[in-house]
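Descriptive analysis of the structure
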Amino acid sequence: MSDKPVEEMSFEEAMKALEDVVGRLESGDVPLEDSIKLYERGAALKKRCETKLKEAEEKVAAITLDESGAPKGTQPFDTP
Amino acid sequence: MDLIDDDGPDGESGPGDNTHEFTVSEISGAVKRVVEGEFAHVRVRGEVGRVSRPRSGHVYLDLKDDRSVLSGVIWKGVAGRLPTQPEEGLEVIATGRLTTFPGQSKYQMVIEDIRPAGAGALMAMLEERKKKLAAEGLFDPARKRPIPFLPEIIGVVTSPSGAVIRDILHRLRDRFPRKVLVWPVAVQGAKCAPEVVRAIEGFNALTPGGPLPRPDLIIVARGGGSIEDLWGFNEESVARAAAASGIPLISAVGHETDTTLIDYVSDYRAPTPTAAAERAVPVRLDLLAWVDQQDARLTRAMTQATGQRRQRMMDLARALPRPETLVATAAQRLDLWGERLPRALIAVTRDKRVALADAAAALRPATLRRGLVDRRQAVGGLSARLAPALVRTLADGKRRLDDRARGLRLSVIERDTARKRGDLDRLAARLATAGRAQTGGWRDRLEALERLRQTLGYTETLKRGYAVVRAGDGVVTRKADAEVQGALEIEFADGRLGVIPGGGGAAGGKPKKPKAPPPEQGSLL
């Protein structure tokens, strides 16, 4: 079990951790006390995954360049 | 006929005799007209030799084959439009016109278009580059960074117009809408390679979370085209920038069948821009379904875990025997033994009383007294042995002391003292010798110094016939000074003589007290 707080995990990390939790719980050889903790962790990981999936926001911007070709900002990008 | 005479010594009439005389500019102009008229549109095949690109933007180059060289120039405006930039060693077909340069008696080709002489020429050059970069290890699979599973920000390097960016954005939206930063670049022509390089480097230079956030993934994309169109992505500078990128990079240049140099160094080569978008993000709905599924499995596993335990508990509870049966036997045994207890106690008490009576019978004063007498006798015996034992111990100690004393001899100490005295004498002798040698050395040096002092002193000079003239306490060195003195004293090597100046003869019997001249007086030496 990773020490990283669930709230700081990337989607992929949370996904792997959730898979691990489900696998261990399904194996059925976890003591009851631990299985309750595992279940709570699983629920937190699931919530984290859902949060990351809800962050599906599309925002497209084009980099604007100055005369020397260095980026100076962005402007909204309209799909041609 | 003067002209003819000047032209040829023979002076005969003929076609040569009438030859027109040109000025240099006239003949240069005539040549120019002929050359430009005759070669107003030519195609020349050759290998590109030396290429120079001065700041003016014009490109100067040589076209050559195994025997000849043709100078060429590509004006700035044309150079920017060329799909293929001329590179040394590339076999090309140049289209343009010939012109002369009268100022230097030269001609050159003004190139309007330049193309590789067939795809083979470009491919050969590409192969060379591939070999070079492969030898540097830039294609090593171990160099490739993993593509992030779900990037937060995707940087796309491509043309802002056209189907490519549209395809990428559409596919991203379908799968998993993300933040996208588009870095607009030219995807063909001379500006393509430098702009793509700048874009890759520029994305890498951004700060994560800054006003312009650094992407987690870069896609370099371009639609299909001819090999010349795609050539910018075969430039070494582009491949090197992609290899140096700290951000994982997906390349998607041209169609599936086109492989450009950047594809070999990118972390993932997508066959098309759409495929690049698919590799960049997972499908959001799939992931949501997956999460739901995991949730269901989690709940099921938990329910199962508690359910199974409950079942097992019930089974075990059923197997427990009834509490009454557990204690019945024990209760019966308690009753049995409880009944036997008082009787056993009475019997034990009786036995003990009998034993006490027996023991008490044997206990009498006479027995005690006999014990005391025995012990007193033992003490008497021991005290009788005490005094002799002490005497014997003392005698033993005295004898051992005598033994030791006999072993102690004066001669040993004397011998040691004598040896040490000898050592002392030898050391004293060495000290004296060393002292003598030391003082002798010092004396020799002192005498040498004294001799030197004598030599350097003014008295030695006196022996050579010089004399010191004194008056009173001072030395007189000038005639004028001598004349005013009442008496003078002259010191020779062998003594002093008093004289009166002007008077002649010795001055008095007792010479005035001479004053020693300062030994350092320069005039005497």
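What counts, and at which threshold
Residues numbered from 1 in each chain as written. Chains lettered and ligands numbered in written order. Predicted model: local features only at pLDDT ≥ 70, side-chain atom pairs only at ≥ 80, totals over all residues. Heavy atoms only, no water. Helix = DSSP H or I, 4+ residues; strand = E, 2+ residues; numbered from the N terminus. Buried < 20%, exposed > 50% of the residue type's maximum accessible area, 1.4 Å probe, protein only. Contact = heavy atoms within 4.5 Å. Areas by Shrake-Rupley, 256 points an atom, 1.4 Å probe, with all protein chains shown as cover. Pairing = 2+ DSSP bridges. Right-handed = clockwise from strand over helix to strand, strands pointing away. Axes fitted to C-alpha atoms, helices over the stretch in contact; angles between N-to-C directions. pLDDT = per-residue confidence, 0-100. Buried area = accessible area lost by both parts, 1.4 Å probe. Salt bridge = Lys/Arg side-chain N within 4 Å of Asp/Glu carboxyl O. Polar contact = N/O pair within 3.5 Å; in protein donor to acceptor, adjacent residues only side chain to side chain. Patch = residues over 30% accessible without salt bridge, like charges linked within 9 Å, V, L, I, M, F, W, Y side chains within 5 Å. Expected span 1.5 Å × (residues − 1). Bend = angle between axes of the 7 residues up to and from the residue. Core = buried A, V, L, I, M, F, W, Y, C linked by side-chain atoms within 4.5 Å. Domains from an automatic or database assignment.

This brings us to the overall build of chain B. Broken down by element type, chain B carries 15 helices and 14 strands. Looking at the 525 residues of chain B, the share that counts as buried comes to 30%. For chain B, contacts bridging at least 24 residues in sequence account for 62% of all contacts bridging at least 6. Accessible surface computed for chain B: about 34400 Å², of which carbon and sulfur atoms make up 58%.

Along the backbone of chain A there are two helices and two strands. The proportion of buried residues among the 80 residues of chain A is 38%. Counting only contacts in chain A whose residues sit at least 6 apart along the sequence, the fraction spanning at least 24 positions is 43%. Working note: accessible area of chain A is about 4700 Å², and carbon and sulfur atoms make up 49% of it.

Turning our attention to the sheet that holds strand β13 (residues 488-492) of chain B. Residues and elements named next belong to chain B. Reading across the sheet, the four strands line up as β12-β11-β13-β14 and stay open at both edges, with antiparallel pairing between neighbours. Pairing within the sheet leaves two strands with one partner each, and these edge strands are β12 (474-475) and β14 (495-499). Here two bridges tie strand β11 (residues 468-471) to β12, and the two strands are oriented antiparallel to one another. Paired with R470 across the bridge in β12 is V475.

Further remarks concern the pairing of strand β9 (residues 249-253) of chain B. Residue and element names in this part refer to chain B. Of all five residues in β9, five are buried; the element is thus mostly enclosed. Burial of the side chains of β9 extends over both faces: L249, S251 and V253 are buried on one face and I250 and A252 on the other. The sheet contact formed by strand β8 (residues 217-222) and β9 spans five bridges and is parallel. Its bridge partner lying in β9, I219 is registered against I250. A crossover links β8 with its parallel partner β9, the connecting element being helix α7 (residues 236-244), and its sense is right-handed. One ladder, built from two bridges, connects β9 with strand β10 (residues 268-269); its direction is parallel. Bridging across to β10, I250 finds its partner in Y268.

With that settled, the discussion passes to the environment of E26(A). On the secondary structure map, E26(A) appears in helix α1 (residues 11-27). Given a relative accessible area of 33%, E26(A) falls into the partly exposed group. E26(A) has contacts with R297(B), R300(B) and A301(B), leaving out every residue within four places of it along the chain.

Backbone hydrogen bonds are what pair the strands of a sheet, in a parallel or an antiparallel way. Across the sheet, seven strands lie side by side as β2(A)-β1(A)-β7(B)-β6(B)-β8(B)-β9(B)-β10(B); this open sheet has mixed pairing. Two strands close off the open sheet at either side, each with one partner strand: β2 (71-76) of chain A together with β10 of chain B. Its contacts with the sheet place helix α5 (residues 163-175) of chain B against β1 (59-65) of chain A together with β6 (153-158), β7 (179-184) and β8 of chain B, and it is angled at close to 160° to β6(B). Across the sheet, helix α6 (residues 192-205) of chain B is in contact with β1 of chain A together with β6, β7, β8 and β9 of chain B; its angle to β7(B) comes to roughly 145°.

Considering every residue of chain A, the mean pLDDT works out to 84; 95% of them sit at 70 or more. Highest mean pLDDT in chain A belongs to α1(A) (89); lowest belongs to β2(A) (83).

A word on the side chain of T100(B). As for its position among the elements, T100(B) is in strand β4 (residues 91-101). On the accessibility criterion, T100(B) (11% relative accessible area) is buried.

Before going further, it helps to spend a moment on the interface of chain A and chain B. Listed by partner, the interface residues are 41 residues for chain A and 40 residues for chain B. In total, chain A and chain B occlude about 3700 Å² of area from one another, counting both sides; carbon and sulfur atoms represent 68% of this. It is L53(A), E58(A) and I63(A) that lose the most area in chain A upon contact with chain B, and together they represent 17% of the buried surface on that side. Linking chain A with chain B are four salt bridges. Across the salt bridge formed by K46(A) and D295(B), the nearest N and O atoms sit 3.3 Å from each other. Run the count over chain A and chain B and you get 12 residue pairs in polar contact (both at pLDDT 80 or more).

Here we come to a nonpolar patch on the surface. A contiguous nonpolar patch, built from F22(B), V24(B), I27(B) and V31(B) and spanning about 360 Å² of accessible area, is present on the exposed surface. Mapping V31(B) onto the fold places it in helix α2 (residues 24-38).

All names here are of chain B. In a regular helix each residue adds 1.5 Å, so 40 residues correspond to 58 Å; helix α11 (residues 323-362) covers 58 Å between its end C-alpha atoms and thus fits that length. Of all the bends in α11, the greatest, near 30°, is centred on L341, and the proline P342 appears no more than four residues after it. A small share of α11 lies buried, amounting to zero of its 40 residues.

Quick look at the pattern of salt bridges now. All names here are of chain B. Enumeration over the complete set of coordinates arrives at 35 salt bridges over all chains. R45 is the salt-bridge partner of E91, the closest N and O atoms lying 3.6 Å from each other. Here E91, found in strand β4, pairs with R45, found in strand β1 (residues 42-52); they are 46 residues apart in sequence, far enough to count as distant. Judged by its relative accessible area of 54%, R45 is exposed. Between R129 and E235 there is a salt bridge whose closest N-O contact spans 3.7 Å. Placement of R129 in helix α4 (residues 119-135) and of E235 in the loop between β8 and α7 is noted, with a sequence separation of 106 residues between them. Residue classification places R129 among the buried residues on the basis of a relative accessible area of 10%. The exposure class assigned to E235 is buried, which follows from its relative accessible area of 17%.

As a further point, take the side chain of N204(B). With respect to the helices and strands, N204(B) occurs in helix α6. Contact partners of N204(B), with chain neighbours within four places excluded, come to R214(B), I218(B), S245(B), G246(B) and I247(B).

Bringing the nonpolar core into the picture now. Core analysis: the largest hydrophobic core is formed by 58 residues, its most contacted members being L63(B), V157(B), V196(B), F203(B) and V220(B). No other element matches the seven residues that α6(B) contributes to this core. In this structure, this core is formed jointly by two domains, domain 1 (24-117) and domain 2 (125-282) of chain B, each of which donates at least three residues. What V220(B) contacts, discounting residues up to four positions off in sequence, is V157(B), V196(B), I200(B), F233(B), L249(B), I250(B), S251(B), A252(B), V253(B) and I262(B). The next biggest cluster of nonpolar side chains, apart from the first, holds 47 residues, and it includes F11(A), L172(B), A252(B) and A277(B).

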